[in-house]
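An overview of the molecular structure
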Amino acid sequence: MGLPFFVYNLFMKNLIEKAKVERILQKSEIVQILEDSSINEYLFKTADSVRKKYVGDEIYLRALIEFSNICRCNCAYCGIRCDNKKVQRYRLKKDEIIDLSNLASKLGYKTLVLQSGEDCFFKADYLAEIVKEIKKNDIAVTLSIGERFFEEYKILKEAGADRFLLRIETTDENLYKKMHPGMSLDNRKKCLYNLKQLGYETGTGSLIGLPDQTLESIASDILFYKELNADMIGIGPLITHPDTPLKDFPNGNLILALKVLALTRLFLPDINIPATTAMETLNPNGRIMALQAGANVVMPNITLEECKKNYQIYPGKVAVDYTKLEKDLEKIGRKISFKKGFRSDNQI
Ligand code: 5AD
């Protein structure tokens, strides 16, 4: 006979309290939390209180520009993988990127995220010119352009880039290989450590719901964020794209993705964690659910419509409605911040 429910429930709550105090758990303990649905609310509430204590009630906004959908990679889940010939490819010109960044600045954004496929046209020196130009505005620049050599990351850092996003996607070696033809988990990790070493605020994260992904491997992902001491973590449920090899697989589970987010908040209390668009795409309330489970960042997409429609990493990507966001935030006692929102600005 198993334990009476209340004893078990108390045990699980204690585990969550331990995670909060010690900011770490054993892998098996993380798995226990991930597989037990009876403590979800307790986990979300605990992560929400840690978020409130360490990063406060303000939501940092990051304006996202998807400046090129040209990509040399062939990630099995991604709609803009190079084998997807249905995609109309585009690449913004330097002036177009700068105009958009000026617009972002005028709109009051204090962080700009420049995201693209792994597009070799944008050599580090060329991108550095763009970054320098953008930095003439008082705005933080985050790059999300994939894997590059140390020297390239260095050139971009010296040009003024502040942050870098590079999701590890999964720390499971076999799964990583299957999902990313021609790429290696080792190199991915090396890139992340290089970014850290160069002084970037470094963001990573995982996809939740990849085929054959186990809870053990997700637990290892969370431990990796901790080991890297990541400054930002983006967690997204997989949303299968019809023009990729994963088209017949189910989408990832939003609740599981939220639990990973919440545990990440407990382990790294002062970092920045976005409520990701993939979460909102799976559930109209997904963004708010994430903001109440440990998240403190929203990333509105300011890419022009004609480009946005060709940047379908996954189908049905929803936009941030600014007015609705403000209203929704007010309802949950939160408000938009007009700060740059570095990790070091968060009060620990
Ligand atoms: N569903 C959800 N997220 C995806 N990404 C790529 N493809 C998908 C998909 N089908 C995520 C990856 C990448 C980020 C920019 O988008 O995690 O790092």
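Just above sits the structure.
Below you will find a few notes about this structure. (Residues numbered from 1 in each chain as written. Predicted model: local features only at pLDDT ≥ 70, side-chain atom pairs only at ≥ 80, totals over all residues. Heavy atoms only, no water.)

**Things to note about the overall build of the chain**
The condition that has to hold: Where helices and strands are cited, they refer to DSSP runs of H or I of at least four residues and of E of at least two residues respectively, numbered from the N terminus. For the radius of gyration, the atom set is restricted to C-alpha positions; the globular benchmark scales as 2.2 Å times the number of residues to the power 0.38. Only protein chains enter the accessibility calculation, which uses a 1.4 Å probe; a residue whose area is less than 20% of its type maximum is buried, one above 50% is exposed, and one in between is partly exposed. The contact criterion used throughout is that any non-hydrogen atoms of two residues lie within 4.5 Å. Only the protein chains shown count as cover for residues, with accessible areas throughout obtained via the Shrake-Rupley method and a probe of 1.4 Å.
Along the chain, the regular secondary structure elements total 14 helices and 11 strands. For 348 residues, the compact-globule formula gives about 20 Å, and the C-alpha radius of gyration of the chain, at 19 Å, lands near that figure. With the C-alpha coordinates of the chain rotated into their principal frame, the extents come out at 65 × 40 × 35 Å. Out of the 348 residues belonging to the chain, those deemed buried represent 57%. Contacts in the chain between residues far apart in sequence, at least 24 positions, make up 77% of those at least 6 positions apart. For the chain, the exposed surface amounts to about 15,000 Å²; the carbon and sulfur share of it is 53%.

**Remarks on the site of the ligand**
Defined as follows: Nearness here has a simple test: a residue counts as near a molecule or strand if at least one of its heavy atoms is within 4 Å of that partner. Whenever a nitrogen or oxygen atom comes within 3.5 Å of another N or O atom, the pair is scored as a polar contact, on the condition that within protein one atom can donate a hydrogen and the other can accept it, and that pairs from neighbouring residues in sequence are kept only if both atoms are in side chains. Here the term charged refers only to Asp, Glu, Lys and Arg, the term nonpolar to Ala, Val, Leu, Ile, Met, Phe, Trp, Tyr, Cys and Pro, and the term polar to all other amino acids, Gly among them.
Around the ligand lies a shell formed by Tyr77, Cys78, Gln115, Arg167, Glu169, Leu207, Pro237, Leu238, Ile239, Ile313 and Tyr314. Within the contact set of the ligand, a nitrogen atom lies 3.0 Å away from a backbone nitrogen or oxygen of Tyr77. At 2.8 Å, a side-chain N or O of Arg167 approaches an oxygen atom of the ligand. Compared with its free state, where it exposes 400 Å², the ligand has 87% of that area covered by protein. For the shell around the ligand, the residue count by class is eight nonpolar, one polar and two charged.

**Things to note about the packing of aromatic side chains**
To be explicit about the condition: What counts as a ring pair is set by centres within 6.5 Å for rings of Phe, Tyr and Trp (its six-membered ring), and what kind of pair is set by the plane angle: stacked under 30 degrees, edge-to-face over 60, tilted for all other angles. Put simply, a charge is over a ring when the Lys NZ or the Arg CZ is close to the ring centre, within 6 Å, and near the line of the ring normal, within 35 degrees.
Summed over the entire model, instances satisfying the criterion amount to eight aromatic pairs. On the numbers, 5.9 Å between centres and 25° between planes, the contact of Phe122 with Tyr126 is stacked. Residue Tyr126 is classed as partly exposed on the basis of its relative accessible area of 25%. Judged by centre distance (4.9 Å) and plane angle (70°), the ring pair of Tyr153 and Phe164 falls under edge-to-face. Of this pair, Tyr153 sits in helix 6 (residues 150-158) while Phe164 sits in strand 5 (residues 163-165); the two residues are 11 residues apart in sequence, bridging distant segments of the chain. Looking at Lys157, its charged tip hangs above the ring of Tyr200, at a distance of 5.7 Å from the centre. The lysine or arginine in question, Arg163, covers the ring of Phe342, its NZ or CZ lying 4.3 Å from the ring centre.

**Some thoughts on the side chain of Ser217**
Mapping Ser217 onto the fold places it in helix 9 (residues 215-228). Taking relative accessible area as the criterion, Ser217 reaches 6% and is therefore assigned buried. Contact partners of Ser217, with chain neighbours within four places excluded, come to Thr170, Thr171 and Asp172.

**Examining the environment of Glu22**
Within the secondary structure, Glu22 sits in helix 1 (residues 5-22). Judged by its relative accessible area of 48%, Glu22 is partly exposed. For the pair Glu22 and Leu266, spaced 244 residues apart in the sequence, the C-alpha separation amounts to 8.8 Å.

**Observations concerning the sheet that holds strand 1 (residues 58-61)**
The following threshold applies: When DSSP finds at least two bridges between two strands, those strands are taken to pair.
With respect to topology, three strands assemble into an open sheet ordered 10-1-11, the strand pairing being parallel. The sheet terminates laterally at strand 10 (297-298) and strand 11 (335-336), the two strands that pair on one side only. Pairing of strand 1 with strand 10, which is carried by two bridges, proceeds in the parallel orientation. When the sheet's bridge partners are listed, Leu61 is paired in strand 10 with Val298.

**Focus: the layout of surface pockets**
Operational definition: With a 1 Å grid laid over protein atoms only, a set of points is called a cavity when a 1.4 Å probe fits there but cannot get out and a pocket when it is open yet has protein on both sides within 12 Å along at least five of seven lines; lining residues have an atom within 4 Å of a point. Grid points are joined across faces, edges and corners, and a volume is the space filled by probe spheres set on the points.
Of the voids in this model, the second largest pocket is the one considered here, and its volume is about 370 Å³. Every residue lining the second largest pocket is counted, 21 residues in all, and those nearest its centre are Arg72, Glu118, Glu147, Arg148 and Phe149. For the lining of the second largest pocket, the elements supplying multiple residues, two or more each, are helix 6 and helix 8 (185-197). The element best represented in the lining of the second largest pocket is helix 8, accounting for four residues.

**Some thoughts on helix 4 (residues 94-106)**
Threshold: Here, expected helix span is obtained from the residue count minus one, scaled by 1.5 Å. Comment: arc refers to directions from the helix axis out to C-beta atoms.
Look at helix 4: 18 Å from first C-alpha to last across 13 residues, which is about the 18 Å you get at 1.5 Å a residue. Among the residues of helix 4, those classed as buried are Ile97, Ile98, Leu100, Ser101 and Ala104. What you see down the axis of helix 4 is that its buried residues fit within an arc of 160°, all on one side. Facing away from the buried side of helix 4 by over 90 degrees, the exposed positions are Asp95, Asp99 and Lys106. Residues of helix 4 that are buried make contact with strand 2 (63-68), strand 3 (111-116) and helix 5 (124-134). Two residues or fewer past helix 4, Gly108 is found with a positive phi of approximately 105°.

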